[in-house]
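# A closer look at the structure
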Amino acid sequence: MNHHISDHRPRVAHSRLQYAAASPARAAAGYTLVHAGRQLRLGPIAFWVVVGTLVIMGAWTIVTATYFAFREDVLTRLIARHAEMQFGYEDRIADLRAQVDRISSRQLLDQEQYEQKLDQVLRRQTTLEARAAAINALPDPSVTGTVKPPARNEPARGTLFKPSPMHDMSSPGTPSDRKAANGGLEGALVRLTAALDRLETRQAAALNAIEDHYDARARRIRGVLTEVGVDAGKAPPRGEAGGVGGPLVPVRPRDAASFERQVQRIGLARAQVDRLNRTLGAVPVRKPVMGEVDPSSGFGMRIDPFIRAPAMHTGLDMQAQSGDPVRATANGTVSIAGWNGGYGKMVEIDHGNGLATRYGHLSAIDVAVGQSIKIGQIVGRVGSTGRSTGPHLHYETRVDGEAVDPQKFLRAGAKLAGGN
């Protein structure tokens with residue numbers, strides 16, 4: 001279909017406006033728009049309004065198309081950015097959850113470790129208390145008394161505390177608070193362990209002191225017995241040790257800790273010292289009176305006070321007052337109690353193993369023949385009966401019936417007493 005305008009107006013065809021202004025008169029005449037066989041005459045103003053409207057609509061279409069094109073791109077970018085941020089947040093949350101799980105696991109592990117350490121401390125404290133009871137049960141108070149009670153700054157039983165669960169909601173919330181709490185628990189365990197270490201050291205020192213005491217005592221007794229010529233392995237006289245017996249149960253090495261082994265050694269050392277003490281109890285190593293020995297009347301050759309000639313003196317004359325008590329110098333049995341020639345009133349005690357002692361010139365006798373005598377028991381009173389020039393005690397020590405110097409036994413006894 002063709003569109004046309006008369007020769008004196010512009011031609012518009014197929015939605016394109018064609019115009020011509022040959023002269024001002026024609027331009028003023030206006031424009032004729034032909035479309036589909038119809039003509040529409042437009043004035044100059046209306047024409048430019050239509051043209052302007054078309055231009056504006058075209059520009060608006062272009063702007064709108066551009067806007068929507070860019071809007072889709074912006075929305076796509078915004079959605080991608082939002083998805084990226086969402087994924088980042090999810091990853092961060094997952095990391096935080098993993099950290100929380102690790103912290104919780106570490107806290108549970110720390111709690112388990114604290115509980116294990118605390119259980120070890122409690123078991124060790126119980127063991128040390130049992131050891132302390134065993135040490136206090138040992139029979140030598142002078143030695144076991146060296147074990148001191150815990151100091152004021154050391155924890156006593158019952159002051160130990162159990163750490164609260166690390167995940168407890170009542171525990172400190174901030175990391176610094178939790179760190180301080182953990183440090184406090186760890187420090188408390190360290191202090192408790194150090195206190196138990198000190199107590200264990202004191203107990204070990206006490207055991208060593210007791211063992212050394214028994215060993216030294218056994219060595220001194222053996223030395224004394226050897227010095228006076230008594231066999232340290234010889235059993236005490238029958239009846240001196242009291243009633244003993246029982247089935248034979250050999251001692252076997254115990255597979256135990258060093259403390260138990262040391263206590264066992266102390267028990268054996270104590271039994272050995274007791275046996276040596278029983279043997280020593282039958283050896284006259286003690287003085288019968290408190291007085292001093294008369295240096296002019298010692299054991300051996302001397303000038304007899306009656307005949308003024310050399311004679312054998314079979315004992316020691318000890319200075320004492322009349323009536324002073326005379327005590328037995330060893331355990332034994334009275335074999336003589338009465339008048340015996342130049343001894344005057346005399347008591348003889350049989351100590352077994354060939355040992356015997358005599359106490360002469362007594363003013364009174366307080367024992368009878370066959371009577372059992374203990375160390376330190378009074379057997380009579382100082383006097384001046386028999387061949388005597390004044391109140392004193394004539395003291396003899398005999399081995400297998402032969403008189404020996406009593407000073408040998410007294411010196412050994414003084415050495416033993418000085419070593420205690």
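Structure report, in brief. (Residues numbered from 1 in each chain as written. Predicted model: local features only at pLDDT ≥ 70, side-chain atom pairs only at ≥ 80, totals over all residues. Heavy atoms only, no water.)

## Description of the overall build of the chain
For the chain, the helix and strand inventory stands at 6 helices and 13 strands. Residues classed as buried in the chain amount to 31% of the 420 residues present. For the chain, the accessible surface area stands at approximately 25,800 Å², while carbon and sulfur atoms represent 58% of it. (Helix = DSSP H or I, 4+ residues; strand = E, 2+ residues; numbered from the N terminus. Buried < 20%, exposed > 50% of the residue type's maximum accessible area, 1.4 Å probe, protein only. Areas by Shrake-Rupley, 256 points an atom, 1.4 Å probe, with all protein chains shown as cover.)

## Considering the pairing of strand β8 (residues 345–352)
Within β8, 6 of the 8 residues are buried, leaving the element largely enclosed by the surrounding structure. Here 6 bridges tie strand β7 (residues 332–339) to β8, and the two strands are oriented antiparallel to one another. Residue pairing in the sheet places Trp-339 in a bridge with Lys-345 of β8. The turn linking β7 back onto β8 is made up of 5 residues, and Gly-341 within it adopts a positive phi angle of 55°. Alignment of β8 against strand β9 (residues 355–365), held across 6 bridges, turns out to be antiparallel. Residue pairing in the sheet places Glu-348 in a bridge with Arg-358 of β9. Linking β8 to β9, which pair antiparallel, is a turn of 2 residues; within it Asn-353 sits at a positive phi near 55°. (Pairing = 2+ DSSP bridges.)

## Quick word on helix α5 (residues 258–281)
Here α5 is 24 residues long and its end C-alpha atoms lie 34 Å apart, about the 34 Å a rise of 1.5 Å per residue gives. Within α5, the full set of buried residues consists of Phe-259, Gln-262, Ile-266, Ala-269, Val-273, Leu-276, Thr-279, Leu-280 and Gly-281. (Expected span 1.5 Å × (residues − 1).)

## Topic: the side chain of Thr-397
By secondary structure assignment, the location of Thr-397 is in strand β12 (residues 392–399). According to the relative accessible area criterion, Thr-397 is buried, its value standing at 1%.

## Structural notes on the pattern of salt bridges
Tallying each qualifying case throughout the model produces 9 salt bridges. With its nearest N and O atoms 3.8 Å apart, the salt bridge here joins Asp-274 to Arg-270. In this pair, Asp-274 and Arg-270 are both assigned in helix α5, 4 residues apart and thus about one turn of the helix distant. Arg-270 sits in the partly exposed class, given a relative accessible area of 37%. (Salt bridge = Lys/Arg side-chain N within 4 Å of Asp/Glu carboxyl O.)

## Some points on unusual backbone geometry
For Asn-353, which is not glycine, the phi dihedral falls at a positive 55°. Structurally, Asn-353 is set in the loop between β8 and β9. Using a relative accessible area of 35% as the deciding quantity, one classes Asn-353 as partly exposed. We note that His-361 has phi near 65°; this positive angle belongs to a residue other than glycine. Its location among the elements puts His-361 in strand β9.

## Considering the pairing of strand β4 (residues 310–313)
Burial of the side chains of β4 is restricted to one face: Ala-311 and His-313 are buried, whereas none of Pro-310 and Met-312 on the reverse face is. Note that strand β3 (residues 300–303) and β4 share 4 bridges and pair antiparallel. Looking at the pairing, Ile-303 lines up with Pro-310 of β4. Between β3 and β4, which pair antiparallel in sequence order, lie 6 residues; one of them, Arg-308, sits at a positive phi of approximately 55°.

## As for helix α2 (residues 44–136)
One turn of the α-helix equals 3.6 residues, which is why residues spaced by three or four share an orientation. Spanning 93 residues, α2 covers 133 Å between terminal C-alpha atoms, matching the ideal 138 Å at 1.5 Å per step. By the burial criterion, the buried members of α2 are Phe-47, Gln-107, Gln-111, Tyr-114, Leu-118, Val-121, Gln-125, Leu-128, Arg-131 and Ile-135.

## Some thoughts on the packing of aromatic side chains
Aromatic ring pairs are defined here through the distance separating the ring centres and the angle between the ring planes. Under the definition given, this model contains 1 aromatic pair. Ring plane angle 45° and centroid distance 5.5 Å describe the contact between Tyr-359 and Tyr-395, whose orientation is recorded as tilted. Highlighted residues: Tyr-359 in strand β9 and Tyr-395 in strand β12, separated in sequence by 36 residues. (Phe/Tyr/Trp six-rings, centres within 6.5 Å; stacked < 30°, edge-to-face > 60°.)

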